[in-house]
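Structure assessment
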Amino acid sequence: MPGLPVATERGTLRGPDTFPVAARRALADTQLRKNLGHATSTIRAKRARVVGELDDWEELRAAGAAIKADVMARLPELLVQLEENVTARGGHVHWARDADEANRIVLDLVRAAGTPDDPVTSVVKVKSMATQEIGLNEALAEAGIAAVETDLAELIVQLSDDTPSHILVPAIHRNRAEIRQIFLDHMPDVDPGLTDEPRVLAMAARAYLRRTFLAARVAVSGANFAIAETGTLAVVESEGNGRMCLTLPQTLVTVMGIEKLLPTWRDLEVFLQLLPRSSTGERMNPYTSMWTGAPRTSDGAPDGPQEFHLVLLDNGRTATLADEAGRQALHCIRCSACLNVCPVYERTGGHAYGSVYPGPIGAVLTPQLAGMHGHGADAPAGGDPVDSLPYASSLCGACFDACPVRIDIPSMLVHLRAKHVETAQAQRRVPGLPASAENAAMSAAAWVMQDAGRFSFAERGLQLGRLLARDGRIRSLPPPLSAWTTSRDVPAPPAETFRKWWARTRGDRS
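Going along each chain's sequence as written, the residues are numbered from 1 onward. The predicted nature of this model means local features are confined to residues of pLDDT at least 70 and side-chain atom pairs, given and counted, to a pLDDT of 80 or more, with totals for whole chains, interfaces and linings taken over all residues. With hydrogens and water set aside, each side-chain value is computed from the structure's full complement of heavy atoms.

**Concerning the environment of Leu27**
Under the DSSP-based scheme used, a helix requires at least four consecutive residues in state H or I and a strand at least two consecutive residues in state E, with every element numbered from the N terminus. Within the secondary structure, Leu27 is located in helix 1 (residues 19-27). Overall, Leu27 belongs to the partly exposed group, its relative accessible area being 40%. C-alpha of Leu27 to C-alpha of Gly349: the two residues are 322 residues apart in sequence and 8.9 Å apart in space. Note on definitions: a residue-residue contact is assigned when non-hydrogen atoms from the two residues lie within 4.5 Å. When residues no more than four places from it in sequence are discounted, the contact partners of Leu27 are Arg33, Arg347 and Thr348. Using a 1.4 Å probe on the protein chains alone, a residue whose accessible area is under 20% of its type maximum counts as buried, one over 50% counts as exposed, and one in between counts as partly exposed.

This is the structure we're talking about:
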């Protein structure tokens, strides 16, 4: 939408390949499919157990959806309220229109935490989707500053120069034997006798990270929630690394999407029941850290970081909010429940989506943040990877059933598919001709079906398709029909049409 901030190309929203190309590559990796199948089925089972304990689960889902809808309706005033309360309590608030501006702000803050004689050369990071979205690690690296991921799964991904493939478990595509080898190859001073026992691997990472924690002067985090009423930020996690990052360094910088707001402190109790059950299958998170501004003791001394900076990130969110049919995507609390039940994600993994937000929620959120190009002059030659994401779904509806805030992902997928088709048709339209091959085909079908004789003739012509079938399926057709058979089979036409069957079995009876 003109005049609204949009996501810049900087960051990890648009991959190099379309989903069909990337998915075909992923499907050929049998080890990947085995890892994903085991991990997602385990998480689903854990979630089902803890959700089943609550008699009011559906009421909690409805409450979460209502709170998020209220936030979207009052977002401008709630953001101003948040800024006022964070500032009143000693924090500093910065506004970033896009990834480039957010990266610039964070880089300036990191530099300001050092001196010309003693510059900051590294920062520690809490797991953050927002910083991955804007490509912060890469921006810091270009400036000579190392960003060390302290979440175990994020560390695995970083050490192996890989990219995350899951919202909650970034290294879900790796098994423990692969993780052991990554540690042996890339982690300094690791014991050569390291085994692949999970506890041993975790202890190796702990020893490696402890030195980093104790030396860090700057930490960068995201936020699960921000409470407008008090200016409080909240991070929930399972390992304790977040608590270390949020309390030990002198400067804390939090990068948060503007949609993460909750109006009041009381609203938080709903989401602290929804999020852990939907994400990790736990009744509550082992670590829930909250801070308001720059924390101080009763006598005014620093109680944690001496400086706190909050960077409020737009990067396409305002444009998403403007779409009444698509704004539900901003309700997402990043629990990843929709990924764990999605049959498409389970077989292709997150890398096939080309975005930091994979799975069903990524298929609706990424196209809105990054924008779909259609077939315009700025679209990539092989097709815009983002354009293909709304089609990366069977529309089975499992994602809606699993979503703790009742995001209607299937309806949004259909909405985005329609927008893509309309945009593409408008860009390719030639006066006097059909807007697309699909339009031409539908017009031809309508003409055939308007006359009984034409329809009967077409039925007889379809019988020729049986010559192309093998085992009851047509698996390959020439262009342009190959666009269908490259990704799915066509059932062979029946040996007998319905009309012939009716005439043979019913005669002339009407």
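So that's the structure; there's more coming.
**Structural notes on the sheet that holds strand 6 (residues 232-237)**
Each pair of strands is called paired provided DSSP finds at least two bridges between the two strands. Read across the sheet, four strands follow the order 8-5-6-9 without closing on themselves; strand pairing throughout is mixed. What marks the edges here is a single partner per strand, and that holds for strand 8 (261-262) and strand 9 (287-292). Of the pairings in the sheet, the one linking strand 5 (residues 225-227) to strand 6 comprises three bridges and is antiparallel in character. Opposite Ile227, over in strand 6, you have Thr232 as the bridge partner.

**A look at the pairing of strand 6**
Along strand 6, six of the six residues are buried, which leaves the element largely enclosed by surrounding structure. Side chains Thr232, Ala234 and Val236 of strand 6 all project onto a buried face; the interleaved residues Leu233, Val235 and Glu237 project onto the opposite face, where all are buried too. Turn length for the strand 5-strand 6 hairpin, with the two strands adjacent in sequence and antiparallel, is four residues, and the turn residue Gly231 shows positive phi of about 80°. By the bridge criterion, six bridges tie strand 6 to strand 9 in an arrangement that is antiparallel. The partner of Val235 across the bridge, within strand 9, is Ser289.

**A word on the side chain of Ser160**
Within the secondary structure, Ser160 is located in the loop between helix 8 (152-159) and helix 9 (176-186). Overall, the relative accessible area of 17% leaves Ser160 in the buried class. Of note is the side chain of Ser160, whose polar atom sits 2.9 Å from the backbone oxygen of Ile156. Contacts described as polar in this section are N or O atom pairs within 3.5 Å, which, within protein, must combine one atom able to donate a hydrogen with one able to accept it, while residues neighboring in sequence count only if both atoms come from side chains. A distance of 3.2 Å separates a polar atom in the side chain of Ser160 from the backbone oxygen of Val157. In this structure, Ser160 is in contact with Arg174, Ile182 and His186, ignoring residues within four places of it in sequence.

**Comments concerning helix 3 (residues 57-73)**
Between its terminal C-alpha atoms helix 3 stretches 25 Å, which fits the 24 Å expected from 17 residues at 1.5 Å a residue. In this structure, the buried side of helix 3 is in contact with helix 2 (30-51), helix 4 (75-88), strand 8, helix 12 (268-279), helix 13 (317-321) and helix 17 (398-402). In this analysis, the expected span of each helix is defined as 1.5 Å times one less than the number of residues it contains.

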